[in-house]
Amino acid sequence: GENVEQHPSTLSVQEGDSAVIKCTYSDSASNYFPWYKQELGKRPQLIIDIRSNVGEKKDQRIAVTLNKTAKHFSLHITETQPEDSAVYFCALLESGTVSKLTFGTGTRLQVTL
Amino acid sequence: DAGITQSPRYKITETGRQVTLMCHQTWSHSYMFWYRQDLGHGLRLIYYSAAADITDKGEVPDGYVVSRSKTENFPLTLESATRSQTSVYFCASSGGSNQPQHFGDGTRLSIL
């Protein structure tokens, strides 16, 4: 199946700073890229997604950018707050399927005061 | 979201036993999925289903069995549990192609 590489595996930022998480993939036909946030002991929750017909999408302090040529997409969190501390997973829809997601291995974000 | 529920939330069993994890959704979503989550591996797809009576293997299906006799239920069975199947199991559902997947609260399964 498709491989998704996610970096960094851990990220520590000070409150108010920005955080960026990047994922790279190999299948140029992939066309749907969601991001999930998972707090400790909780379920993964969708926070934002992007489709291949757009290059950027924003929702308040969260944005996702997609570079189809370079085959990478990134999550940007601005003005980070302690409640942003969690594990973040990127994912993509495998081409040739209607529903199968492949997930990155996750980034543990720690926002310090 | 209360629309997808998993049971039990926690389970301890012994190697060789059969155990079934339940998943129920109230959204009438066509697609349902089972993942396992292990440190260093993220979420890996075990099985998925596109509709009632249609199931297919994911990345790590060995040792697992699923069924989907009703749209709202998608049970996962470990026919003879092994220690390597100790994990957190998440069920998810989605309404259609390219639609977001929504997860249940998970089942933490320990096999001794």
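All of the points below concern the structure found in this document. (Residues numbered from 1 in each chain as written. Chains lettered and ligands numbered in written order. Predicted model: local features only at pLDDT ≥ 70, side-chain atom pairs only at ≥ 80, totals over all residues. Heavy atoms only, no water.)

### Observations regarding the interface of chain B and chain A
Listed per partner, the contact involves 23 residues of chain B and 19 residues of chain A. Between chain B and chain A, a total of about 1,800 Å² is buried, with carbon and sulfur atoms accounting for 51% of that surface. Ranking the residues of chain B by area buried against chain A places Leu43, Asn98 and Phe103 of chain B at the top, with a combined share of 30%. On the surface where chain B and chain A come into contact, there are one salt bridge. A salt bridge links Asp105 of chain B to Arg43 of chain A, with the shortest nitrogen-to-oxygen separation between them at 2.7 Å. At the junction of chain B and chain A, the tally comes to four residue pairs in polar contact (both at pLDDT 80 or more). Counting only elements with at least two residues in the side of chain B that touches chain A, the list comes to strand 4 (31-38) and strand 5 (42-51) of chain B. Broken down by class, the residue content of the side of chain B that touches chain A amounts to ten nonpolar, ten polar and three charged. (Contact = heavy atoms within 4.5 Å. Buried area = accessible area lost by both parts, 1.4 Å probe. Salt bridge = Lys/Arg side-chain N within 4 Å of Asp/Glu carboxyl O. Polar contact = N/O pair within 3.5 Å; in protein donor to acceptor, adjacent residues only side chain to side chain. Helix = DSSP H or I, 4+ residues; strand = E, 2+ residues; numbered from the N terminus. Nonpolar A, V, L, I, M, F, W, Y, C, P; charged D, E, K, R; others polar.)

### Some details on the sheet that holds strand 7 (residues 64-66) of chain B
Residue and element names in this part refer to chain B. On the basis of which strands lie adjacent, the open sheet formed by four strands has the order 1-3-8-7 and antiparallel pairing. Whereas interior strands pair on both sides, the edge strands pair on one side only; in this sheet they are strand 1 (4-7) and strand 7. Mean inter-strand twist for the sheet, computed between neighbouring axes without regard to direction, equals 20 degrees. (Pairing = 2+ DSSP bridges. Axes fitted to C-alpha atoms, helices over the stretch in contact; angles between N-to-C directions.)

### Description of the state of the cysteines
For the coordinates displayed, the defined rule picks out two disulfides over all chains. Two residues share a disulfide in this structure: Cys23 of chain A and Cys90 of chain A, whose sulfurs sit 2.0 Å from each other. Here the disulfide of Cys23 of chain A and Cys90 of chain A is left-handed, its torsion about the S-S bond being about -100 degrees. With Cys23 of chain A in strand 3 (residues 19-25) and Cys90 of chain A in strand 9 (residues 86-93), this pair connects stretches of sequence that are 67 residues apart. Neither Cys23 of chain A nor Cys90 of chain A differs from the other in exposure class; each is buried. In this model Cys23 of chain B forms its disulfide with Cys91 of chain B; the gap between the sulfur atoms is 1.9 Å. On the sign convention where negative means left-handed, the S-S torsion of about -75 degrees between Cys23 of chain B and Cys91 of chain B marks this disulfide as left-handed. Taken as a pair, Cys23 of chain B in strand 3 (residues 19-25) and Cys91 of chain B in strand 9 (residues 87-94) lie far apart in primary sequence, 68 residues in all. One exposure class covers both Cys23 of chain B and Cys91 of chain B, and it is buried. (Disulfide = S-S within 2.5 Å. Buried < 20%, exposed > 50% of the residue type's maximum accessible area, 1.4 Å probe, protein only.)

### Some thoughts on the packing of aromatic side chains
Taken as a whole and assessed by the stated rule, the structure comprises 13 aromatic pairs over all chains. Ring centres of Tyr25 of chain A and Phe33 of chain A lie 5.1 Å apart, and the angle between their planes is 45 degrees; this geometry places the pair in the tilted category. You'll find Tyr25 of chain A and Phe33 of chain A in the same group, each marked buried. Aromatic pair Phe33 of chain A and Phe73 of chain A: ring centres 4.8 Å apart, planes at 50 degrees, arrangement tilted. Of this pair, Phe33 of chain A sits in strand 4 (residues 32-38) while Phe73 of chain A sits in strand 8 (residues 72-77), and the two are 40 residues apart along the sequence. This pair shows no difference in class: Phe33 of chain A is buried, exactly as Phe73 of chain A is. These aromatic residues form a ring-pair network of at least three members: Tyr36 and Phe103 of chain A together with Phe33, Tyr35, Tyr48, Phe90 and Phe103 of chain B. (Phe/Tyr/Trp six-rings, centres within 6.5 Å; stacked < 30°, edge-to-face > 60°.)

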